[in-house]
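Report on the structure
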Protein chains: 2
Amino acid sequence: MKKSVNKHLYALILAGGVGSRFWPFSRELEPKQFLNITGQGSLIQNTIRRLDKVVAPSNIYIISRNTYFYELKKQIKKFNIPESNILLEPQAKNTAPAIGLGSKFIAKLDKDAIVIVLPSDHYVPDYDNFRACIFKAAQIACLNFLVTIGIRPKRQSSGYGYIKVDRTKLFKLENRNIFYKVEKFFEKPSLEKIKKHFKGTDYFWNSGIFVWKASEFMDELKAYLPDLYKKIMSIRNNNDLVRVWKRVTPISVDYGILEHSKKIALIAANFSWADLGSWDALNEVLAKDVNGNVFQADSLDLGSKETCVFSRGNRLIATIGLEGLVIADTPDALLVCDRHKSQEVRKLIDDLKSLRRKEHIRHLCEKRPWGSYTVLQVGEGFKIKLVEIDPKKRLSLQSHSKRAEHWVVVHGCAKVTYSNKTKTVKSNQSIYIPKGTKHRLENITNLPLKIVEVQTGNYLEEDDIKRFEDDFDRLL
Amino acid sequence: MKKSVNKHLYALILAGGVGSRFWPFSRELEPKQFLNITGQGSLIQNTIRRLDKVVAPSNIYIISRNTYFYELKKQIKKFNIPESNILLEPQAKNTAPAIGLGSKFIAKLDKDAIVIVLPSDHYVPDYDNFRACIFKAAQIACLNFLVTIGIRPKRQSSGYGYIKVDRTKLFKLENRNIFYKVEKFFEKPSLEKIKKHFKGTDYFWNSGIFVWKASEFMDELKAYLPDLYKKIMSIRNNNDLVRVWKRVTPISVDYGILEHSKKIALIAANFSWADLGSWDALNEVLAKDVNGNVFQADSLDLGSKETCVFSRGNRLIATIGLEGLVIADTPDALLVCDRHKSQEVRKLIDDLKSLRRKEHIRHLCEKRPWGSYTVLQVGEGFKIKLVEIDPKKRLSLQSHSKRAEHWVVVHGCAKVTYSNKTKTVKSNQSIYIPKGTKHRLENITNLPLKIVEVQTGNYLEEDDIKRFEDDFDRLL
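Residues numbered from 1 in each chain as written. Chains lettered and ligands numbered in written order. Predicted model: local features only at pLDDT ≥ 70, side-chain atom pairs only at ≥ 80, totals over all residues. Heavy atoms only, no water.

1. Considering the overall build of chain A
Counting its regular elements, chain A contains 11 helices and 26 strands. When its C-alpha atoms are laid out on the principal axes, chain A stretches across 75 × 60 × 40 Å. Considering only residue pairs separated by 6 or more positions, chain A has 70% of its internal contacts joining residues 24 or more positions apart. When the accessible surface of chain A is totalled, it reaches about 20,700 Å², and 49% of it is carbon and sulfur. Side chains of chain A carry 78 positive and 54 negative charges; the gap between the two charge centres is 4 Å. (Helix = DSSP H or I, 4+ residues; strand = E, 2+ residues; numbered from the N terminus. Contact = heavy atoms within 4.5 Å. Areas by Shrake-Rupley, 256 points an atom, 1.4 Å probe, with all protein chains shown as cover. Lys, Arg positive; Asp, Glu negative; His and termini not counted. Charge placed at Lys NZ, Arg CZ, Asp CG, Glu CD.)

Take a look at the structure:
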């Protein structure tokens with residue numbers, strides 16, 4: 001195989017997770033893969049960039065969740081990936097069902113397809129070696145192996161799955177490439193077990209990047225997860241999917257298939273890699289100052305060490321004499337955490353859930369298919385929002401039964417429909433939408449439109465909305 | 001002297017400082033003494049409460065700065081202290097000039113006055129023993145001593161002035177009361193010096209609470225700071241004050257007088273006391289959980305110890321595995337600080353000053369004589385404020401040359417004057433004030449009035465204001 005785009009080479013990017021350990025930056029409605037966490041573009045965009053010169057854009061498939069569709073569409077727009085390449089799960093069911101669904105879809109299009117399965121939240125700055133490694137893996141996949149990319153452990157960590165290779169089974173390819181037969185998979189073993197047993201060069205971290213023939217994977221799925229296989233094969237349309245997916249049991253591909261299959265091969269990655277599993281992992285990949293600090297914020301420090309400050313707000317963050325902390329600041333939630341305990345953010349999320357709070361679900365600035373809005377203040381009987389509408393986009397034709405809205409245009413020009421009339425409202429002009437009035441807000445220009453919305457009423461929640469027409473299929 | 005209010009007993013409360021080490025809660029325009037830092041009322045209000053049954057309200061004088069006049073008036077309203085008892089320095093000049101000015105004022109009213117000088121930012125929960133101690137000090141002051149209340153040191157700290165007493169000069173009063181002659185004052189000696197020399201029961205912390213005859217203090221001022229004395233005596237009216245005060249050299253009463261005077265006596269405080277000099281000091285006086293934490297915030301913690309979280313905002317503050325930190329959160333600035341380094345906040349303030357930032361000067365929610373306003377968002381060409389006008393108060397009659405204003409009333413009812421017309425604007429109604437229009441906003445009701453103000457224009461700073469009439473003397 002030459003180092004050119006092979007027409008049977010496909011990518012399946014897994015983009016349905018939340019990445020909740022990156023809270024408060026990640027939220028259920030704004031998952032980690034969409035965030036520009038490293039300051040170098042969003043993680044999913046960088047995942048796609050790495051595939052340039054490896055897989056043709058038309059062969060890149062992304063499996064995600066319904067909820068993320070519009071944001072995903074926005075994020076992949078520049079890469080010429082067809083919208084129909086976005087596969088949507090009604091609910092997240094862990095990796096085995098998602099990969100099964102995607103592989104079936106791709107295998108149906110091309111029976112000789114070789115699929116590169118990629119998480120959407122990895123950090124791989126070295127594109128050239130990554131690509132070379134993928135091509136090598138594809139060659140091995142042609143020999144009917146399920147190929148996993150192994151990472152040589154940098155330290156003992158309970159944050160990774162481990163793979164043990166069988167060094168007596170070492171293969172050569174074209175007299176150069178070397179790969180191993182896998183002896184055993186271990187899904188995130190305890191630190192105690194790792195320290196005791198997982199020593200020496202037989203052990204690798206599981207990167208979660210896999211390369212295999214779609215047909216070969218489906219065979220293994222049939223062998224080891226026959227019920228899931230049957231369910232996936234029964235899906236003929238979206239209605240089937242919705243019906244079937246409810247009954248699918250979540251299971252990881254590692255646990256469900258890779259731990260059992262006899263066909264697993266491993267090649268060692270020769271590119272630098274981080275899975276950015278938690279705030280602490282991010283600390284490893286970013287440039288630090290002389291004291292080991294990272295400041296991605298409007299910050300002022302006196303004498304801190306090994307401390308990372310990240311901000312999504314515009315507040316000043318002042319630090320004095322800190323050591324080994326992570327500070328992550330957003331307008332409605334702040335995290336201050338011992339960096340060696342950043343895995344525990346997951347527990348925090350559990351607490352937030354059981355307290356029925358909202359800070360793990362949405363940001364104050366919430367994305368919408370037509371743009372975004374930011375809640376600036378909530379008071380007794382009123383709510384203030386800054387609403388931003390993208391060029392050539394419009395909100396639904398809607399009405400509210402419990403609130404009136406005052407709009408002041410502060411940037412751009414709005415077309416406002418209300419009570420079957422339309423009106424142009426320019427910057428420094430305002431309009432009043434009484435309670436119960438059918439209305440629509442539209443940006444017909446090529447420039448962003450910004451509106452301050454002051455809502456008044458006794459009930460000001462998002463669910464007080466009746467939609468009559470919508471460009472984004474949200475009538476139900 | 002009986003334990004009743006003595007008509008010659010006066011209080012002089014010093015309320016001109018900023019308390020900058022309590023940043024980001026304290027700001028130049030909202031100093032520590034006005035803050036409800038302990039959750040038990042503002043520090044200056046508690047200072048006044050402690051004087052109940054000691055000094056008649058009409059004998060309580062407060063010396064502060066011009067800038068703080070309206071807030072001070074609001075805060076002391078409930079205590080029946082006459083407004084004319086507020087003495088205002090044009091600029092803060094440290095304690096000796098302030099006490100001199102106040103003492104001269106009081107001495108003129110009552111040549112037999114005994115003055116209790118009190119900082120406005122102390123924490124003294126034990127009112128009964130405080131009062132008993134003050135009465136005892138007043139008795140000693142009658143013997144022409146300058147009496148200082150000494151605190152037995154709780155630890156070695158460079159945050160306090162130290163006083164050495166001469167144990168060979170121990171006095172009795174009415175066969176019961178014991179006080180010491182002071183040998184020497186040391187204004188905040190270094191920790192090194194303290195550890196080496198300041199041992200044993202001869203040393204006390206200087207509480208900064210003094211009791212003396214006004215006439216006696218003026219004599220000592222004349223003796224040891226003759227230039228300041230002459231300047232103060234030359235002041236006959238407010239114009240004199242403004243003119244003279246510019247040329248007054250700042251100096252502390254400790255350094256300028258107490259270190260030199262031969263008439264100093266000390267009585268040991270038998271009440272619990274904290275000067276709340278820094279965040280760490282606050283930690284000492286507040287109730288803690290089993291792990292030694294204080295949470296005065298909407299907070300969620302996993303396993304932190306000896307950590308204090310204070311909030312003036314409404315964000316969630318999540319903490320994991322912290323130890324010995326202070327977190328102080330406000331809408332525009334966050335401090336995360338090793339609690340043993342909380343003295344260094346002062347250095348931060350110096351940095352903010354040299355960076356010409358504003359976070360040390362004002363809060364986003366800024367108090368005004370008529371109420372307050374909060375900046376919610378600043379964008380290109382617009383600014384959004386929530387304006388709250390107290391009952392029966394009104395803003396100045398004003399105009400802006402560079403901005404228009406859209407007002408939406410969200411609570412209460414406004415009387416709006418614009419272009420020589422007046423209009424009543426109720427809740428859920430709005431009004432537009434074009435650029436250049438003379439206008440006035442007024443709350444004629446007995447209920448609070450809240451208005452969302454959307455400003456539009458190319459220049460949106462506070463100094464774009466022309467005032468034509470004002471209830472608060474701000475025409476210049």
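2. Considering the relation of the copies chain A and chain B
Between chain A and chain B, which share one sequence, the superposing operator has a rotation angle of 180° and an axial displacement of 0.0 Å; the RMSD is 0.1 Å. Such a turn and shift between the copies fits a two-fold axis. Among all residues of chain A, the one whose C-alpha sits closest to the rotation axis is Leu-376 of chain A, at a distance of 3.1 Å. (Least-squares fit on C-alpha atoms with pLDDT ≥ 70 in both.)

3. Considering the side chain of Arg-403 of chain A
All names here are of chain A. Looking at the element boundaries, Arg-403 is found in strand S20 (residues 403-411). Using a relative accessible area of 4% as the deciding quantity, one classes Arg-403 as buried. Engagement of the side chain of Arg-403 in a polar contact is seen with the side chain of His-400, the distance being 3.3 Å. Side-chain polar atoms of Arg-403 contact the backbone oxygen of Glu-461, separated by 3.2 Å. When near neighbours in sequence (up to four residues on either side) are disregarded, Arg-403 contacts Lys-435, Gln-455, Thr-456, Tyr-459, Leu-460, Glu-461 and Asp-464. (Buried < 20%, exposed > 50% of the residue type's maximum accessible area, 1.4 Å probe, protein only. Polar contact = N/O pair within 3.5 Å; in protein donor to acceptor, adjacent residues only side chain to side chain.)

4. Let's talk about helix H4 (residues 127-141) of chain B
Taking 1.5 Å as the rise per residue, H4 of chain B with 15 residues should run 21 Å; its terminal C-alpha atoms sit 21 Å apart, in good agreement. Listed in full, the buried residues belonging to H4 of chain B are Phe-130, Arg-131, Cys-133, Ile-134, Phe-135, Ala-137, Ala-138, Gln-139, Ile-140 and Ala-141 of chain B. (Expected span 1.5 Å × (residues − 1).)

5. Brief notes about the interface of chain A and chain B
In this assembly, 53 residues from chain A lie in contact with 53 residues from chain B. The junction of chain A with chain B conceals about 4,400 Å² of combined surface from both sides, 67% of it contributed by carbon and sulfur atoms. The residue Arg-357 of chain B makes a salt bridge to Asp-298 of chain A at a minimum N-O spacing of 2.7 Å. Applying the counting criterion to the chain A and chain B interface returns 24 residue pairs in polar contact (both at pLDDT 80 or more). With six residues, strand S15 (residues 333-338) of chain A is the largest single contributor of residues to the side of chain A that touches chain B. Considering only residue class, the side of chain A that touches chain B consists of 30 nonpolar, 10 polar and 13 charged. Note: S15 of chain A against strand S13 (residues 316-320) of chain B, five bridges, orientation parallel. (Buried area = accessible area lost by both parts, 1.4 Å probe. Salt bridge = Lys/Arg side-chain N within 4 Å of Asp/Glu carboxyl O. Nonpolar A, V, L, I, M, F, W, Y, C, P; charged D, E, K, R; others polar. Pairing = 2+ DSSP bridges.)

6. Some details on the pairing of strand S4 (residues 114-119) of chain A
Regular strands have side chains that alternate between both faces of the sheet. All names here are of chain A. Most of S4 is tucked away: six of the six residues are buried. Here S4 shows no split at all, with Ile-114, Ile-116 and Leu-118 on one side and Val-115, Val-117 and Pro-119 on the other all buried. Pairing of strand S1 (residues 9-15) with S4, which is carried by six bridges, proceeds in the parallel orientation. Within S4, the position partnered with Leu-12 by the bridge is Val-117. Here four bridges tie S4 to strand S8 (residues 203-213), and the two strands are oriented antiparallel to one another.

7. With respect to the pattern of salt bridges
Per the counting criterion, the structure on display carries 64 salt bridges over all chains. Taking the shortest distance from any N to any O, the salt bridge between Lys-111 of chain B and Asp-112 of chain B comes out at 3.6 Å. Classification of Asp-112 of chain B by relative accessible area gives partly exposed; the value is 40%. Measuring nitrogen to oxygen at the nearest pair gives 2.4 Å for the salt bridge that ties Lys-263 of chain B to Glu-216 of chain B. Of this pair, Lys-263 of chain B sits in the loop between helix H9 (253-258) and strand S9 (264-268) while Glu-216 of chain B sits in helix H6 (residues 214-224), and the two are 47 residues apart along the sequence. Because the salt bridges share partners, they merge into one network encompassing Glu-30, Glu-71, Arg-312 and Lys-367 of chain A.

8. Quick word on the sheet that holds strand S17 (residues 371-379) of chain A
Residue and element names in this part refer to chain A. Strand order across the open sheet formed by six strands is S16-S17-S18-S25-S20-S23, with antiparallel pairing between neighbours. At either margin of the open sheet sits one strand with a lone partner, and together these are strand S16 (365-368) and strand S23 (430-433). Taken over all neighbouring pairs, the strand axes of this sheet differ in orientation by 20° on average, direction set aside. Here S20 runs beside strand S25 (residues 449-457); their pairing, made up of eight bridges, is antiparallel. Within S25, the position partnered with Val-408 by the bridge is Val-452. (Axes fitted to C-alpha atoms, helices over the stretch in contact; angles between N-to-C directions.)

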